[in-house]
Amino acid sequence: MTGFWAERTVLITGGGGFLGRAVRRAVERRDPARVLCPSSADYDLREAAQVTAMLDDHRPDVVIHLAARVGGIGANLERPADLYLDNLLMGTHVLEATRRADTAKTVIVGTICSYPKFTPVPFEESSLWQGYPEETNAPYGIAKLAQLVQLQANRAQYGQSAIYLMPTNLYGPGDKFHPAVSHVIPALVKKCVDAVESGADHIEVWGTGSASREFLYVDDAAEGIALATERYDDADPVNLGTDEERPIRDLVVMIAEMVGFAGEIRWDTTRPDGQPRRRVDPSRARRAFGFEAEVRFEDGLRRTIDWYRGHRDEAEARAY
Ligand SMILES: NC(=O)c1ccc[n+]([C@@H]2O[C@H](COP(=O)([O-])OP(=O)(O)OC[C@H]3O[C@@H](n4cnc5c(N)ncnc54)[C@H](OP(=O)(O)O)[C@@H]3O)[C@@H](O)[C@H]2O)c1
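Keep in mind that this is a model prediction, so the values were computed, not measured. Along each chain, numbering runs from 1 in the same order as the chain's sequence is written. Per-residue local features of the predicted model are confined to residues with pLDDT of at least 70, and side-chain atom pairs are confined, for both listing and counting, to 80 or more; whole-chain, interface and lining totals are unaffected and use all residues.

Draft legend 1. Here's a closer look at unusual backbone geometry. The linkage connecting V121 with the following residue, P122, adopts the cis geometry, with an omega of 0°. Numbering of helices and strands starts at the N terminus; helices are DSSP runs of H or I of at least 4 residues and strands are runs of E of at least 2. Here P122 lies in the loop between strand 4 (105-109) and helix 5 (138-158). With phi around 45°, R59 is a residue other than glycine that occupies positive phi space. Along the polypeptide, R59 turns up in the loop between helix 2 (48-58) and strand 3 (62-65). Although it is not a glycine, D102 sits at a positive phi angle of roughly 55°. Summarising the element assignment, D102 is placed in the loop between helix 4 (80-100) and strand 4. Of the residues examined, D102 has 11 C-beta atoms within 10 Å and is grouped as exposed. Any residue surrounded by 20 or more other C-beta atoms within 10 Å of its C-beta is treated as buried, while 12 or fewer makes it exposed and the intermediate range makes it partly exposed; C-beta atoms here are placed from the backbone.

Here it is in structure tokens:
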């Protein structure tokens, strides 16, 4: 731990969200003077004036920007315009307001969805601009990627200390299990748990199962973000990942076994697979700020399932 956090006020946008709550814990462990997590009811970050008011009211030294409109493949297909515009506006306003306020450090959290559809695996940060993202998540991915351009331009012209991190797909306790917004792991866990409870003899899963994903436990991601906030100050974007790739087909079998669902898995091949493969090269994060993911996937998945079983109402409450 360095003296970076001492006497500092840290403001986390989206600090009440899935990743936000984990980042709050990781930052609080470092004992800064204050940690603030205003909600969207306090300040709607799509409005420039409200972002400025948030910084005027709290005068943070560090802003970690996590607030976003986020969802799985279903939400991306149903609400691409919201996912594009809300994320573009929030990120743009936060970067511009922190630049004007001379905030000592601004951390922008992007997404692996910004990578081109057919990125060579493992995804290296240098591949970000080599093509267009997979169609279902392009509006979200492009809106987030615009903030990388903005912070690099601000750094070049004004010397703003802002960094850009790209976590791979996250999972863990506290995730969203509402079908309107859930990502693949919570969606599959809910399907299997529901099937066990109702005695269903099969579940239906979107796509062919041939796509692959990489998963990062939410507390590992939060630790990576805290480490980068403290130690990294450069214009280059940085992946946060584990270097482990899992076919969706294997993931479904693993979740079904852990949940105790022994029925048939039917693939709905009329639904999209999303990006064909995902695994990031995590070496820049290791070199630049010493980040290594620690939680074994099997352990993290078990904790996620246990949390869901114990918190059904809370887990399924949040849609949009
Ligand atoms: N989940 C993943 O797999 C994943 C992977 C890579 C990157 N990320 C990135 O990580 C960040 C957090 O994602 P998450 O999964 O934790 O999302 P989440 O649980 O949906 O949380 C989103 C947060 O954003 C806030 N928010 C939404 N609209 C807002 C607005 N108009 N004004 C102010 N705040 C607003 C929400 O606040 P209220 O609850 O107060 O409305 C909520 O706390 C996002 O930037 C996302 O792109 C997520």
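That shown, we press on.
Draft legend 2. Expanded view of the sheet that holds strand 4. In this description, strands pair whenever DSSP reports at least two bridges between them. On the basis of which strands lie adjacent, the open sheet formed by 6 strands has the order 2-1-3-4-5-10 and parallel pairing. Lying at the two open borders of the sheet, with one neighbouring strand each, are strand 2 (34-36) and strand 10 (238-240). On average, each strand axis in the sheet is inclined to that of its neighbour by 20°, with strand direction left out of account. Contact between two residues is assigned when their C-beta atoms, built from the backbone, lie within 7 Å. Lines fitted to C-alpha atoms define the axes, with helix axes restricted to the stretch in contact, and inter-axis angles between N-to-C directions lie between 0 and 180 degrees. Lying on the sheet, helix 5 is in contact with strand 4 and strand 5 (162-167); it crosses strand 5 at an angle near 155°.

Draft legend 3. Molecular detail of helix 1 (residues 18-28). Within helix 1, the full set of buried residues consists of F18, L19, G20, A22, V23, R24 and V27. Looking at the buried positions of helix 1, the neighbouring elements they touch are strand 1 (9-13), strand 2, strand 3, strand 6 (169-171) and helix 7 (218-231).

Draft legend 4. Local environment of the packing of helix 2 against helix 4. With their axes 9 Å apart at the nearest point, helix 2 and helix 4 run at an angle of 45° to one another. Taken together, the axes of helix 2 and helix 4 lie oblique to each other. By crossing handedness, the relation of helix 2 to helix 4 is classed as right-handed. The segment helix 2 lies against helix 4, with A48, V51, T52 and L55 engaging H93, V94, A97 and T98. Here the term charged refers only to Asp, Glu, Lys and Arg, the term nonpolar to Ala, Val, Leu, Ile, Met, Phe, Trp, Tyr, Cys and Pro, and the term polar to all other amino acids, Gly among them. Class assignment for the residues of the contact of helix 2 with helix 4 results in 5 nonpolar, 3 polar and no charged. Angles below 35 degrees are treated as roughly parallel, those above 145 as roughly antiparallel, those between 65 and 115 as roughly perpendicular, and all remaining angles as oblique. The hand of a helix crossing depends on one turn: near helix anticlockwise from the far one by less than a right angle means left-handed, and clockwise means right-handed.

Draft legend 5. Highlighting the site of the ligand. We call a residue near a molecule or strand when its C-beta atom, built from the backbone, sits within 6 Å of it. Neighbouring residues of the ligand: 24 residues in total, closest G14, G17, S39, S40 and A68. Counting residues per element, the ones that place at least two in the shell around the ligand are helix 1 and strand 6. Ranked by the residues each element gives to the shell around the ligand, the list is headed by helix 1, at 3 residues. The residue inventory of the shell around the ligand, partitioned by class, reads 10 nonpolar, 10 polar and 4 charged.

Draft legend 6. A look at the packing of helix 6 (residues 184-198) against helix 8 (residues 248-259). Running from amino to carboxyl end, helix 6 crosses helix 8 at an angle of 40°, the nearest separation of the two axes being 9 Å. Considered as vectors, helix 6 and helix 8 are oriented oblique to each other. Considering only the axes of helix 6 and helix 8, their crossing is right-handed. Where helix 6 abuts helix 8, its residues V184, L188, V189, C192, V193 and V196 lie against I248, L251, V252, I255, A256 and V259. For the contact of helix 6 with helix 8, the class distribution of residues is 12 nonpolar, no polar and no charged.

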